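Examining the three-dimensional arrangement
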Amino acid sequence: MTRSSPGAVALGAVLVIARNVVREALRRRILYLVLLFALALLVMVEGVSRFEAQIQVKMVRDFSYTIVSFFGLLLTVLITFEQVPLEVDSKTIYMILCRPITRQTFLMGKLLGILIVLGLAMTIMGGIMVAMVGLGVTKGFVIDGQVVQALYFLLLKYASFATLLMLLSIVASRPLAVMLSLLIYSFGHVSDFLRASLTASDSVVFPKIVEILDLIMPNYVLLDVPSGMVYSAVFNLQSVAILTAYALSFTVLYLVLATWAFELKEL
Amino acid sequence: MENATRSSSEPPALTIERLTKTYSKGGHGGLFGRRRRTITVVDDVSIEIRPGEVFGFLGLNGAGKTTTLKMVLGLIRPTAGRVFLFGHDAFRPESRSRIGFAPERTAFYDYLTTRETLETLGRLSGLDRESLAERIPRLLATVALVGEENTQVKDFSKGMQQRLGIAQSMLADPDLLIFDEPTTGLDPFGRRIFKDLVRDLKQAGKTVFFSSHQLPDVQEICDRVGVIHRGKMIHVGLVRELIQGGNTLEEWFMRLLGEVDPSVKIQGQERRFV
């Protein structure tokens, strides 16, 4: 019988666990959700057809982004919030962790699997958009660099959000984890406004709070590219690299915290 | 069964040193009815299992058996004490490369087939494709699940799932097998399979450590037993010595518990059911 070296076992285990997450998502037909996306897209295109052609293009781009964002977020919540708690509750985790696998490896495998499913969903949603353009359903709307960039940044955004949700699902009940993560996600989208309001106050405490929040919560507004999609602003390679590093740093931070919390968890 | 021993230089398969686990639980009383109290679930337990030995871990429900097993597997951390697997700290993941474990209520991914389940778990044990292709049919034959390779595990009966649980524990050909209540939910056929399997494992020089309530089975296949009661290890001894004089292990077990804890004493003669 041939066994792999410990390093190869760890890497192999990440891939096996990730594959299991993807297999579960496919067999449970979670990705059918993107069919609803296609339907929403068609309804939207129909809804804006009465506007002038130039406005139509802008509206289609803007609404497409909003619809992709919504379904991406919904999918992230659906595939992430039960990943760890369900393994613990059903005790399937016993058969994994009684093997030479660290808890960190387990979580990394889960996260990789979630990202693959999300990547797959983004690709399918992008594909549906391409198909609609090809069929002439979305008049004047073209899939260009901005659209691809927007989808890429959405994926980065959902990577950090999924890791945050995974962390919270380890330390809190499922409903609470979902609510808290959505709260933080929402805060991440209004943090510019909040930052400006709190920093402008006379208090010395509020600016400090903003500083701390900036360290532990991503400013998701930075990763939003609707303006890029609508007004054709495009990020250069350097900006893409910086924003990628920014988003990944939060993903890594949440993963480290999740690992720490999971190590302490009594199974 | 004879007590198997190997070279004295070989470290024990399992060493449990003064293991203690306490939990803080919410109770009644206090301003908000949440005054915490400390419960000792496992209390200063020590056991040493020699390589090649079949050891039965006995106790009533809630005695601390599963908690002890969980600490052995690194699933929960002890409040005090240490566990070694073949001389290595049990909390290091690599120490688990020589063990196999089947939990009491074996749970599987219901969307996977039998083969996919064993392949997935085998890969997590570091086995390559060739090894798995060779091992899986043999293991399925051992637990009488031949022909069920492509059946989804959710369609299995409880007993079949239990047998699959035993099969997955042997995937990596481990030297120490740990079973938590392995015969719970098994019909007489399944129990026979398990007992034959343990005998074969012992023949092959493997060590088996399992908790059970099925005392006739334990009497049949174990070299030694340890009894845990209210978290404390109250007896460790050779089965053949405990059943001397025509006693069954069950009679000895109930007598022992009655001696240490009058609340579980059975007054057989006075009991009337009709």
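Structure report, in brief. (Residues numbered from 1 in each chain as written. Chains lettered and ligands numbered in written order. Predicted model: local features only at pLDDT ≥ 70, side-chain atom pairs only at ≥ 80, totals over all residues. Heavy atoms only, no water.)

1. Here we look at the environment of A:Gly113
Residue and element names in this part refer to chain A. For Gly113, the location among the structural elements is in helix H6 (residues 103-134). With relative accessibility at 0%, the residue Gly113 sits in the buried group. A C-alpha to C-alpha distance of 29 Å links Gly113 and Val190, two positions 77 residues apart in sequence. Excluding residues that lie within four positions of it along the chain, Gly113 makes contacts with Ala18, Val21 and Val22. (Helix = DSSP H or I, 4+ residues; strand = E, 2+ residues; numbered from the N terminus. Buried < 20%, exposed > 50% of the residue type's maximum accessible area, 1.4 Å probe, protein only. Contact = heavy atoms within 4.5 Å.)

2. Examining the packing of helix H3 (residues 53-80) of chain A against helix H7 (residues 145-171) of chain A
Residue and element names in this part refer to chain A. For the pair H3 and H7, interaxial distance at closest approach is 10 Å and the crossing angle is 25 degrees. Compared by their axis directions, H3 and H7 come out roughly parallel. Like other packed secondary-structure pairs, H3 and H7 cross with a definite hand, here right-handed. Contact residues: Arg61, Tyr65, Val68, Ser69, Phe70, Gly72, Leu73, Thr76, Val77 and Thr80 in H3; Gln146, Val147, Ala150, Leu151, Leu154, Lys157, Tyr158, Phe161, Ala162, Leu165 and Met166 in H7. Broken down by class, the residue content of the contact of H3 with H7 amounts to 14 nonpolar, five polar and two charged. (Axes fitted to C-alpha atoms, helices over the stretch in contact; angles between N-to-C directions. Parallel < 35°, antiparallel > 145°, perpendicular 65-115°, else oblique. Left-handed = near helix turned anticlockwise from the far one by under 90°. Nonpolar A, V, L, I, M, F, W, Y, C, P; charged D, E, K, R; others polar.)

3. Examining the packing of helix H2 (residues 114-124) of chain B against helix H3 (residues 129-142) of chain B
Residue and element names in this part refer to chain B. Packing of H2 against H3 leaves a shortest axis separation of 10 Å and a crossing angle of 130 degrees. With respect to H3, the axis of H2 lies oblique. In terms of crossing hand, the pair formed by H2 and H3 is right-handed. Residues Thr114, Arg115, Leu118, Glu119, Gly122 and Arg123 of H2 touch H3, and the partners they reach there are Arg129, Leu132, Ile136 and Leu140.

4. Quick notes on a nonpolar patch on the surface
Residues and elements named next belong to chain A. Together, Ile212, Leu215, Ile216, Leu253, Leu257, Trp260 and Leu264 make up an exposed nonpolar region whose accessible area comes to about 720 Å². For the nonpolar patch, the elements supplying multiple residues, two or more each, are helix H9 (205-216) and helix H11 (237-264). The element best represented in the nonpolar patch is H11, accounting for four residues. The residue Leu253 is located in helix H11 in this model. Classification of Leu253 by relative accessible area gives partly exposed; the value is 30%. (Patch = residues over 30% accessible without salt bridge, like charges linked within 9 Å, V, L, I, M, F, W, Y side chains within 5 Å. Areas by Shrake-Rupley, 256 points an atom, 1.4 Å probe, with all protein chains shown as cover. Salt bridge = Lys/Arg side-chain N within 4 Å of Asp/Glu carboxyl O.)

5. Details of the side chain of B:Ser125
With respect to the helices and strands, the residue B:Ser125 is situated in the loop between H2 and H3. Looking at B:Ser125, its side chain comes within polar contact range of the side chain of A:Arg99, at 2.6 Å. Those residues in contact with B:Ser125 that sit more than four places away from it in its chain are A:Arg99 and B:Ala172. (Polar contact = N/O pair within 3.5 Å; in protein donor to acceptor, adjacent residues only side chain to side chain.)

6. Some details on the sheet that holds strand S7 (residues 176-180) of chain B
All names here are of chain B. What the six strands build is an open sheet, ordered S6-S7-S8-S3-S9-S10; its pairing is mixed. Bordering the open sheet on either side are strand S6 (99-102) and strand S10 (232-238), each of which pairs with just one other strand. With direction set aside, neighbouring strand axes in the sheet form an average angle of 15 degrees. Pairing geometry for S6 and S7, over four bridges, is parallel. Each bridged residue has a counterpart across the sheet, and for Gly100 the counterpart in S7 is Leu177. Packing of helix H8 (residues 249-260) onto the sheet brings it into contact with strand S3 (54-58), strand S9 (224-229) and S10, and relative to S9 it is tilted by some 35 degrees. (Pairing = 2+ DSSP bridges.)

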